[in-house]
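# Descriptive structure summary
Chain by chain, the residues run as shown.
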Amino acid sequence: MGYTTNNGQDFALTMRGRAYATLESTLADPARIARIIDLETRNSALVEWIYGSADNKDDEILNWTFPDVSDDLNAAIWNLASGFYKAAAANLRNALELGVVALYFQVREDSGKADFEKWDRGESETPSWGTTKGCISAQSSVRSFNAAISAALVEEAHEFFKFLCNFTHGRPFDGLGGEPTNSFNLAGGGVPALVLQAFTRIADLVEETTVWIAMLWLAAYPNILRGRNFNQRFPTDGASWLLNKPRGLDVLRWASSLTPNPHS
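The following refers to the structure shown. Predicted model, so just to flag it, every value in this text is computed and none were measured.

Cut-offs used in this document
- Residues numbered from 1 in each chain as written.
- Predicted model: local features only at pLDDT ≥ 70, side-chain atom pairs only at ≥ 80, totals over all residues.
- Heavy atoms only, no water.
- Helix = DSSP H or I, 4+ residues; strand = E, 2+ residues; numbered from the N terminus.
- Buried < 20%, exposed > 50% of the residue type's maximum accessible area, 1.4 Å probe, protein only.
- Areas by Shrake-Rupley, 256 points an atom, 1.4 Å probe, with all protein chains shown as cover.
- Core = buried A, V, L, I, M, F, W, Y, C linked by side-chain atoms within 4.5 Å.
- Contact = heavy atoms within 4.5 Å.
- Axes fitted to C-alpha atoms, helices over the stretch in contact; angles between N-to-C directions.
- Parallel < 35°, antiparallel > 145°, perpendicular 65-115°, else oblique.
- Left-handed = near helix turned anticlockwise from the far one by under 90°.
- Phe/Tyr/Trp six-rings, centres within 6.5 Å; stacked < 30°, edge-to-face > 60°.
- Expected span 1.5 Å × (residues − 1).
- Salt bridge = Lys/Arg side-chain N within 4 Å of Asp/Glu carboxyl O.
- Polar contact = N/O pair within 3.5 Å; in protein donor to acceptor, adjacent residues only side chain to side chain.
- Nonpolar A, V, L, I, M, F, W, Y, C, P; charged D, E, K, R; others polar.

Attention shifts here to the overall build of the chain. In terms of regular secondary structure, the chain is built from 13 helices and zero strands. Counting from the amino terminus, helix and strand elements in the chain follow one another as α-α-α-α-α-α-α-α-α-α-α-α-α. Residues classed as buried in the chain amount to 49% of the 264 residues present. In the form shown here, the chain has an accessible surface area of approximately 12600 Å², with 52% of it arising from carbon and sulfur atoms.

Moving on, we get to the nonpolar core. Ranked by size, the top nonpolar core spans 72 residues in total, and within it W49, F66, L96, W217 and L218 carry the most contacts. The greatest single-element share of this core, amounting to 16 residues, is contributed by helix 10 (residues 196-220). Apart from the residues within four sequence positions on either side, L218 is in contact with W49, I224, L225, L243, V251, L252, W254 and A255.

What follows is about the packing of helix 4 (residues 85-110) against helix 6 (residues 129-137). For any two helices packed against each other, one specifies the crossing angle of their axes together with the interaxial distance. The interhelical angle for the contact between helix 4 and helix 6, taken along N-to-C directions, is 50°, at an axis separation of 10 Å. One way to sum up the angle between helix 4 and helix 6 is to call them oblique. Considering how the two elements wind past one another, helix 4 and helix 6 form a crossing that is left-handed. On helix 6, the residues that touch L96, E97, V100, V101, L103, Y104, V107 and R108 of helix 4 are W129, T131, T132, C135 and I136.

This next bit is on the packing of aromatic side chains. Here the distance between the centres and the angle between the planes together describe a pair of aromatic rings. Summed over all chains, the structure comprises 11 aromatic pairs. Plain terms: the ring middles of F116 and W119 are 5.9 Å apart, the flat faces sit at 40° to each other, and that makes the pair tilted. Taken together, the residues F116 and W119, both in helix 5 (residues 115-120) and three residues apart, mark about one turn of the helix. Residues F116 and W119 agree in their burial class; the two are buried.

The end-to-end C-alpha separation of helix 2 (residues 30-51) is 32 Å, in line with the 32 Å expected for 22 residues at 1.5 Å each. Those residues of helix 2 lying buried are R32, R35, I36, D38, L39, R42, N43, A45, L46, W49 and I50.

Here we take up the pattern of salt bridges. Pairing between side chains of opposite charge can happen when their charged atoms approach one another. The tally for this structure, following the rule as stated, stands at 13 salt bridges. Between D204 and R35 there is a salt bridge, with the nearest N and O atoms lying 2.9 Å from each other. Linking D204 in helix 10 with R35 in helix 2, this pair joins segments that are 169 residues apart in sequence. Residue classification places D204 among the partly exposed residues on the basis of a relative accessible area of 33%. Salt bridges linked by common partners bring R35, D38, R42, D204 and E207 together as one network.

Examined against the element boundaries, N43 turns out to sit in helix 2. A residue is classified by how much of its surface remains accessible, and N43, at 2% relative accessible area, is buried. A distance of 3.0 Å separates a polar atom in the side chain of N43 from a polar atom in the side chain of N74. Residue contacts for N43: discarding those within four places in its chain leaves S70, L73 and N74.

Another aspect to go through is unusual backbone geometry. Note: most residues except glycine have negative phi, and most peptide bonds are trans. Phi at S150 takes a positive value of approximately 55°, unusual for a residue other than glycine. By secondary structure assignment, the location of S150 is in the loop between helix 7 (140-149) and helix 8 (153-168).

A separate point is the environment of R32. Relative to the helices and strands, R32 is located in helix 2. Owing to a relative accessible area of 13%, R32 belongs among the buried residues under this scheme. In this structure the C-alpha to C-alpha distance between R32 and T200, which are 168 residues apart in sequence, comes to 8.9 Å. R32 has contacts with S25, T26, L194, L196 and F199, leaving out every residue within four places of it along the chain.

Looking now at the environment of D59. Secondary-structure assignment places D59 in the loop between helix 2 and helix 3 (60-82). Relative accessible area serves as the criterion here: at 28%, D59 is assigned to the partly exposed category. Taking the C-alpha atoms as reference, D59 lies 9.1 Å from Q106; in sequence the two are 47 residues apart.

Helix 10 packs onto helix 4 with a crossing angle of 0° between their chain directions and a minimal axis gap of 10 Å. Here helix 4 is positioned roughly parallel relative to helix 10, judged by the angle of their axes. Counting all contacts with helix 4, which are made through Y85, A88, A89, L92, A95, L96, G99, V100, A102, L103 and Q106, the residues of helix 10 involved are A198, F199, I202, L205, V206, T209, W212, I213, L216, W217 and A220. Within the contact of helix 4 with helix 10, the residues separate by chemical class into 19 nonpolar, three polar and no charged.

Just geometry here; none of it tells us what the structure is for.
Written out as structure tokens, the structure reads:
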């Protein structure tokens, strides 16, 4: 017996229509439209933010890694709007992981290592968190931030990544007494569908993922704040908008307090 809808039709064959109907329902509310536009704008701003780290440097690594980060964030937003909430969270996991991998490659490149070239040629596997965490945590600016506020920034990012893995691994809940993380519990088995609580929750996770990627890059490259185009793209409080989470604002305050050293 197959997976069927209430009227006996094969569920897979009705998926497109349900997705379109869910998208229409999602966009029927101006507040939800505004939230989606805000998330899209954050993704666009993140790309320019990250490219600020390559100011006055070769941006080959970003050109071959960061489009996938942005694409996964876009896919998460599309799945969010269409009612595929678990899939949206899985996209976020991918975006965060590759955002960290891209940062690892940039840090290694700046220290004279050819890890990216080997990976880009298919000679090496994508580095795991076990590899990337130690490298990024050892970056002098990241160590400086951690010491300044007694934090462990990359470890915290990894904890958030492991939380997102709950959705990817199909776990029913994110722990004993936790929030739902599989399709049935998120949407009562009726995926895709507009579920207001799930929409709000996954939208918040899209924003939080964007913040994590931005703050990790800023901790490693605080001169992002002083890039040539920064003030045009992020006037006044723009950076605090992009980093609008407690730890993100911690990193922003720390980076803002450093002695200017533009285009290093």
